[in-house]
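Coordinates in review
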Amino acid sequence: MRSTKPLGLAAMAAAATLTLTACGGGGGEGEAGGGETGGSGESVRIGIKYDQPGLGFRDGDEYTGFDVDVAKYVAGELGYTEDQIEWVESPSANRENMLANEQVDMIFATYSITDERDQTVDFAGPYFVAGQDLLVRADDDSIQGPADLEGKNLCSVTGSTSAANIQEEVPGVNLLEQPGYADCLTSLESGQVDAVTTDDIILAGLASTDANQGKFQVVGNTFSEERYGVGLPQGSDQCEAVNEAITQMIEEGAWEDAVQEHTEGANYTYNEELNPPEPEPCGE
């Protein structure tokens, strides 16, 4: 599926320059077509979320978050400057199709590695292991985990697996479904609900925004494992190089810096038994 002979980053970067798409035509701004960027005329199209503060967030021409920082680091190790990155919005439901249709070269978008997805796309990583958790008001210590939700009001996004998981585990919870997590935080702040649930680092990102700092806290009692991987087109030869870049980012301390920067003010600590993760061997 991928190269079986380990290569150095310099060699893989050269290979990346040849194999990742050289985009021609119209301008970028997150569109799939993309313009010619950078000194060499090559660009790399990277899929991210645009609506997840702390992970992947677009504000005008600025792209920020932990996923964005990991993507920039990996792209740099593959030989691309930041102005050669073409950011492409990659909603959860579209990620497999975007890779299969060559709309993007790789995806960093809270993209959990699963056996089902691995049938249609390739993954490098993981670069983070998240877990479903709960967000509560900063002054509320009555909720320490799912068992404390019996008879309480909980918010999650309509149709999310997080909501279904909680309902299975705590049948007595009163679930409020909202269109987005920003709506859930409004309900939490007003007292309409007692907690919000999704992946811990997503909750931390929401709580660390300027508007929310100090208002909420992540409980810190995860009850699932979500291995965030780098989505690659099936048959890609970039897995080894991406894994090597992730490992280097962790060893240099840039990974830790990125996590702390984008979760500041959320009273958040990641699961240290699972993080930072060691990327899995390619082809397995």
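Here we summarise the structure given alongside this text. What you are looking at is a predicted structure, and each value in this text was computed from that prediction instead of being measured. (Residues numbered from 1 in each chain as written. Predicted model: local features only at pLDDT ≥ 70, side-chain atom pairs only at ≥ 80, totals over all residues. Heavy atoms only, no water.)

Re the environment of Cys155
With respect to the helices, strands and loops of the structure, Cys155 is situated in strand β9 (residues 153–157). For the pair Cys155 and Ala195, spaced 40 residues apart in sequence, the C-alpha to C-alpha distance is 6.3 Å. Apart from residues lying up to four places away in sequence, Cys155 is in contact with Leu176, Gln178, Cys184, Val193, Ala195, Val196 and Thr197. (Helix = DSSP H or I, 4+ residues; strand = E, 2+ residues; numbered from the N terminus. Contact = heavy atoms within 4.5 Å.)

Regarding the state of the cysteines
A full pass over the atoms with the stated rule returns two disulfides. What pairs with Cys155 in a disulfide is Cys184, and their sulfur atoms sit 2.1 Å apart. Residues Cys155 and Cys184 are joined by a disulfide whose S-S torsion is about -75°; by sign, that bridge is left-handed. Here Cys155 is found in strand β9, whereas its partner Cys184 is found in helix α5 (residues 181–190), with 29 residues between them in sequence. Overall, Cys155 belongs to the buried group, its relative accessible area being 0%. Its relative accessible area of 0% is what places Cys184 among the buried residues. (Disulfide = S-S within 2.5 Å. Buried < 20%, exposed > 50% of the residue type's maximum accessible area, 1.4 Å probe, protein only.)

Details of the sheet that holds β9
What the five strands build is an open sheet, ordered β10-β9-β11-β8-β12; its pairing is mixed. Two strands lie at the open edges of the sheet, namely β10 (174–178) and β12 (216–218), each paired on one side alone. With strand direction ignored, the average angle separating the axes of adjacent strands in the sheet is 30°. With two bridges joining them, β9 and strand β11 (residues 195–199) adopt parallel strand pairing. Along β11, the bridge assignment pairs Leu154 with Ala195. Sitting on the sheet, helix α4 (residues 161–169) is in contact with β8 (132–137), β9, β10 and β11, with an inclination near 90° to β8. Across the face of the sheet, helix α6 (residues 200–207) comes into contact with β8, β11 and β12 while running at roughly 125° to β11. (Pairing = 2+ DSSP bridges. Axes fitted to C-alpha atoms, helices over the stretch in contact; angles between N-to-C directions.)

Side note on the pairing of strand β3 (residues 56–59)
Examined bridge by bridge, strand β2 (residues 51–52) and β3 share two bridges and lie antiparallel to one another. Considered in β3, the bridge of Asp51 is made with Phe57. Hairpin connection of β2 to β3: three residues between the antiparallel strands, including Gly54 at a positive phi of 90°. In the sheet, β3 pairs with strand β4 (residues 62–64) via three bridges, with the strands oriented antiparallel. Within β4, the position partnered with Arg58 by the bridge is Tyr63. The loop that links β3 with its antiparallel partner β4 comprises two residues; one of these, Gly60, has a positive phi angle of about 65°.

These results come straight from atomic positions and should not be treated as a statement about function.
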